[in-house]
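Chains, contacts and geometry: an overview
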Amino acid sequence: MYRTRTCGNLRLADEGLVVTLAGWVQKTRKMGGMTFVDLRDRYGITQLVFNQEVDAALCEKANKLGREYVIQVTGTVRERSSKNNNIPTGEIELIVSELNILNAAVTPPFTIEDETDGGDDLRMKYRYLDLRRNTVRANLELRHRMAFEVRNYLDKQGFLEVETPVLVNSTPEGARDFVVPSRMNPGQFYALPQSPQTLKQLLMVSGFDRYFQIVKCFRDEDLRADRQPEFTQIDCEMSFVEQEDVLNIFEGMAKHLFKVIRGIEIKEPFQRMTWHDAMKYYGSDKPDLRFDMKFVELMDIMKGYGFSVFDDAAYVGGICVEGAATYTRKQLDALTEFVKRPQVGAKGMVYARVEADGSVKSSVDKFYTQETLQQMKEAFGAKPGDLILILSGDNAMKTRKQLCELRLEVAGQLGLRDKNKFVCLWVIDFPLFEWSEEDQRFYAMHHPFTSPKPEDIPLLDSDTGAVRANAYDMVINGVEVGGGSIRIHDSKLQDKMFRLLGFTEERAQSQFGFLMNAFKYGAPPHGGLAYGLDRWVSLFAGLDSIRDCIAFPKNNSGRDVMLDAPSVIDDVQLDELCLKVDVKE
């Protein structure tokens, strides 16, 4: 056997035991006639001891070990004289009697330590080395545990795990597809699924009642911290349900994960907030509620006093930052520059401090009397020592989004975005449609199969933009971890939805005829939800990017720098696929 124990499970109770270990050399230290080696495997680290006086040849062999050598050792467990309380095996060491070098290694390009000296690009290129680090491996172990508990919970709720195809038809109405040419059908293409949406609906038509799948999905989108070209969904669908049924089941799953993974028991129901209120009070459909700073609109108070920035604005609103009146002019100028960045897009910022005596001192004092500023203070419920920050603009929705960025930035500066604090809510009653000024048409805010609120169906023709969707998102700490909807199960209503979205009858039949035809054979009322597994893991691990909880992620350009993918393929392969690629310099 290569090993009888692992490097993480020996304890003081094992003293005197002769064991064989195998793993990688973390580091070596020579002290007088003794050589110490830290041996690492997936389970932990054990200190090895080689004694020059006991076995000079063996000690000399140990002195030649380099970092990341793969070795096998046999020895006797002994209590350490100088214990290391930072590791579970810190009370013992192994007095080595046999050493076998299984594989020599070149010096790695960065240290395999929790705090490594390797930059992101270098670590992604040598990801197989990066995965040896405890911090990275722990993320993958957390991912495994979460996937296991998801299956455990859903199995007990009567869900069946069903695999759906990876090669499907293209649905250009959503995000961009990754397309796959078909050699056997020249000139035709598969697409990689953005989600198994229509397939899981077909499973409901098939009578499966409750389905789930932990599934890879693909979207050819611009990347950011919480997006990758390929990602993993916990995809679920249920028959004979209304919105309340879906929310109860998956709120239960979230509470189960919090309890078994993080040891946090959440007893109270998750807060619910309409999309309209989320946008009005937080400027985001995924508000972070770990802290307050709810938006207050000030048009009735601040307009009409000769300050043209406010007088000419369609929206004037602000936030109250508790206890932040101590912000210096330099800090306030930095915040002003922050909101003026192109990524935020505001033209400027107005601030006001509530002084110790209750008076208000603002950056626009010359336009306002103390009486008006006191009205503003009362609107916020501000107290002495608080800081008020105000933005304005000619587009209410755009300005609210800018104020959202300011709110998050200030909260970050004040340490209010605690990664060990979790506030969960459901955002509900989304608009069914969103209007595109560029295309002069409606698009589905979620997807074309989302059901309208039954009471809003009469508005589909008369006031299309006011129709609310039977849709819901779960938001935790400002992150959308999952979302779904009750689906349209009536073929006539689905036809109407396609028409409102600008589909011709021929196009609807071409892209979704298989689903529409299936509905004619009896589709049950159904709905579902998809969680982002990557986002759940990164949230529980306290990560800033989902990339750190994916074994082999892509970089911000969508490239796998380890595999050097995507890459150019041979002309022979292109010819087989009836493709010609003309790459211009």
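Residues numbered from 1 in each chain as written. Predicted model: local features only at pLDDT ≥ 70, side-chain atom pairs only at ≥ 80, totals over all residues. Heavy atoms only, no water.

Stated precisely, the cut-off is as follows: UniProt positions are given in the numbering used here, feature names are shortened, and annotations may be inferred rather than shown by experiment.
Going by the annotation in an unreviewed UniProt entry, the name recorded for the protein chain is Aspartate--tRNA ligase, with Parabacteroides gordonii MS-1 = DSM 23371 given as the source organism. As its UniProt record puts it under Catalytic activity (unreviewed entry), the protein chain is described as follows: "tRNA(Asp) + L-aspartate + ATP = L-aspartyl-tRNA(Asp) + AMP + diphosphate". Under the Subcellular location (unreviewed entry) heading, UniProt states for the protein chain: "Cytoplasm".

1. Considering the pairing of strand β2 (residues 34-41)
For clarity, the threshold we go by: Each residue is placed in one exposure class: buried if its accessible area under a 1.4 Å probe, protein chains only, is under 20% of its type's maximum, exposed if it is over 50%, and partly exposed if it falls in between. Secondary structure counts use DSSP, requiring at least four H or I residues in a row for a helix and at least two E residues in a row for a strand, with both numbered from the N terminus. When DSSP locates at least two bridges between a pair of strands, those strands are taken to pair.
Within β2, seven of the eight residues are buried, which leaves the element mostly enclosed by the surrounding structure. For β2 and strand β3 (residues 44-51), the ladder comprises eight bridges, and the chain directions are antiparallel. Within β3, the residue paired with V37 across the bridge is L48. Count of turn residues in the β2/β3 antiparallel hairpin: two residues.

2. Structural notes on the pattern of salt bridges
Rules: We define a salt bridge as a side-chain nitrogen of Lys or Arg found within 4 Å of a carboxyl oxygen belonging to Asp or Glu.
Applying the stated criterion to the full structure yields 41 salt bridges. The partner of R127 in a salt bridge is D130, and the shortest N-O contact between them spans 2.7 Å. Taken together, the residues span about one helical turn, with R127 and D130 both in helix α3 (residues 127-130) at a distance of three residues. The class for R127 is buried, based on a relative accessible area of 2%. Across the salt bridge formed by R137 and E141, the nearest N and O atoms sit 3.6 Å from each other. Of the two residues, R137 and E141 are both situated in helix α4 (residues 134-156); the distance of four residues between them amounts to about one turn of the helix. Overall, R137 belongs to the buried group, its relative accessible area being 15%. On the basis of relative accessible area, E141 is assigned to the partly exposed category, the value being 31%.

3. Comments concerning the layout of surface pockets
Spelled out, the test is: Residues are said to line a cavity or pocket when one of their atoms sits within 4 Å of a point; the points come from a 1 Å grid over protein atoms alone, cavities being sets where a 1.4 Å probe fits but cannot get out and pockets being open sets with protein on both sides within 12 Å along at least five of seven lines. Grid points are joined across faces, edges and corners, and a volume is the space filled by probe spheres set on the points. Here the term charged refers only to Asp, Glu, Lys and Arg, the term nonpolar to Ala, Val, Leu, Ile, Met, Phe, Trp, Tyr, Cys and Pro, and the term polar to all other amino acids, Gly among them.
As a volume, the second largest pocket reaches approximately 820 Å³. Along the walls of the second largest pocket sit 23 residues, with F178, V179, P566, S567 and I569 positioned nearest its centre. Broken down by secondary-structure element, the contributors of at least two residues to the lining of the second largest pocket are β7 (179-181) and α17 (571-576). A per-element tally of the lining of the second largest pocket places β7 first, with three residues. Broken down by class, the residue content of the lining of the second largest pocket amounts to 16 nonpolar, two polar and five charged.

4. A short note on the sheet that holds strand β13 (residues 315-321)
Taken together, the five strands give an open sheet; going across it, the order is β12-β13-β16-β14-β15, and neighbouring strands pair in antiparallel fashion. One side of each edge strand has no neighbouring strand; the edge strands of this open sheet are β12 (296-297) and β15 (360-362).

5. Here's the deal with the packing of aromatic side chains
How we decide: In this analysis, rings of Phe, Tyr and Trp, with Trp reduced to its six-membered ring, are considered paired at centre separations within 6.5 Å, and the interplanar angle assigns stacked below 30 degrees, edge-to-face beyond 60, and tilted for intermediate values.
For the coordinates displayed, the defined rule picks out 20 aromatic pairs. Relative to F540, the ring of F258 has its centre 4.9 Å away and its plane inclined at 55 degrees; by these criteria the two rings are tilted. Taken together, the positions of F258 in helix α6 (residues 243-262) and F540 in helix α16 (residues 533-541) put the pair 282 residues apart, joining distant regions of the chain. A single burial state applies to F258 and to F540, both of which are buried. Judged by centre distance (5.1 Å) and plane angle (85 degrees), the ring pair of F449 and F512 falls under edge-to-face.

6. What about the side chain of T20?
As a reminder, the rule being used: Any N or O atom pair separated by 3.5 Å or less is treated as a polar contact, with the protein-specific requirement of one donor-capable and one acceptor-capable atom, and with residues adjacent in sequence counted only for side-chain atom pairs.
Position of T20 among the secondary structure elements: in strand β1 (residues 18-31). Among the polar contacts made by the side chain of T20, one reaches the side chain of T74 at a distance of 2.9 Å.

7. Here we look at the UniProt feature "binding site: L-aspartate" (unreviewed entry) in the protein chain
What counts is decided by this rule: Throughout, a residue-residue contact means that at least one pair of heavy atoms, one from each residue, lies within 4.5 Å.
The UniProt record marks E173, R219, H446 and R487 with the feature "binding site: L-aspartate" (unreviewed entry), using the residue numbering of this structure. Mapped onto the fold, R219 is located in the loop between β9 (210-218) and β10 (230-239). Apart from the residues lying within four places of it in its own chain, the contact partners of R219 are A175, R176, F178, Q194, S195, P229, F231 and Q233. Within the structure, the side chain of R219 is placed 3.4 Å from the backbone oxygen of Q194, a separation counted as a polar contact. In contact with R487, other than residues within four places in its own chain, are Q197, K200, Q201, C236, E237, H447, F449, S451, H526, G527, G528 and L529. Here E237 takes part through its side chain, which lies 2.9 Å from a polar atom of the side chain of R487.

8. Here's the deal with the UniProt feature "binding site: ATP" (unreviewed entry) in the protein chain
What UniProt calls "binding site: ATP" (unreviewed entry) maps, in this numbering, to R219, D220, E221, Q228, E480, G532, L533, D534 and R535. Those annotated residues lining the largest cavity are, specifically, Q228 and D534. Its place among the elements puts Q228 in the loop between β9 and β10. On the basis of relative accessible area, Q228 is assigned to the buried category, the value being 8%. Sequence-distant contacts of Q228, defined by excluding residues within four places in its chain, comprise L223, I546, R547, I550, P553 and K554. The topology assignment puts G532 in strand β22 (residues 526-532).

9. As for α4
Three or four residues apart is the spacing at which side chains of an α-helix point the same way, because the helix has 3.6 residues per turn. As a reminder, the rule being used: Expected span of a helix, by definition, is 1.5 Å for each gap between consecutive residues, and there is one gap fewer than residues.
Spanning 23 residues, α4 covers 33 Å between terminal C-alpha atoms, matching the ideal 33 Å at 1.5 Å per step. Residues of α4 that are buried: V136, R137, N139, L142, R143, M146, A147, E149, V150, Y153 and L154. On its buried side, α4 packs onto β2, α3, β9, β10, α6 and α16. Of the residues trailing α4, G158 is marked for its positive phi of about 85 degrees.

10. Observations regarding the nonpolar core
Basically, it comes down to this: For the purposes of this section, nonpolar cores are sets of buried Ala, Val, Leu, Ile, Met, Phe, Trp, Tyr and Cys residues that join through side-chain atoms within 4.5 Å.
Of all hydrophobic cores here, the largest spans 41 residues; its most connected members are L154, F250, Y531 and W536. Ranked by residue count, the leading element in this core is α6, at nine residues. With near-sequence residues (within four places) excluded, F250 lies in contact with L154, F159, C236, M238, W426, M474, L529 and Y531. Core analysis: the next-biggest nonpolar cluster, separate from the first, contains 34 residues, A278, A469, F498 and A518 among them.

11. Details of the sheet that holds strand β21 (residues 479-486)
Here we have eight strands laid out as an open sheet, ordered β6-β9-β10-β22-β21-β20-β17-β11, and mixed in their pairing. Because the sheet does not close on itself, it has two edges, and the strands there are β6 (160-161) and β11 (271-274). Of the pairings in the sheet, the one linking β6 to β9 comprises two bridges and is parallel in character. Looking across to β9, one finds that E161 is bridged to F212.

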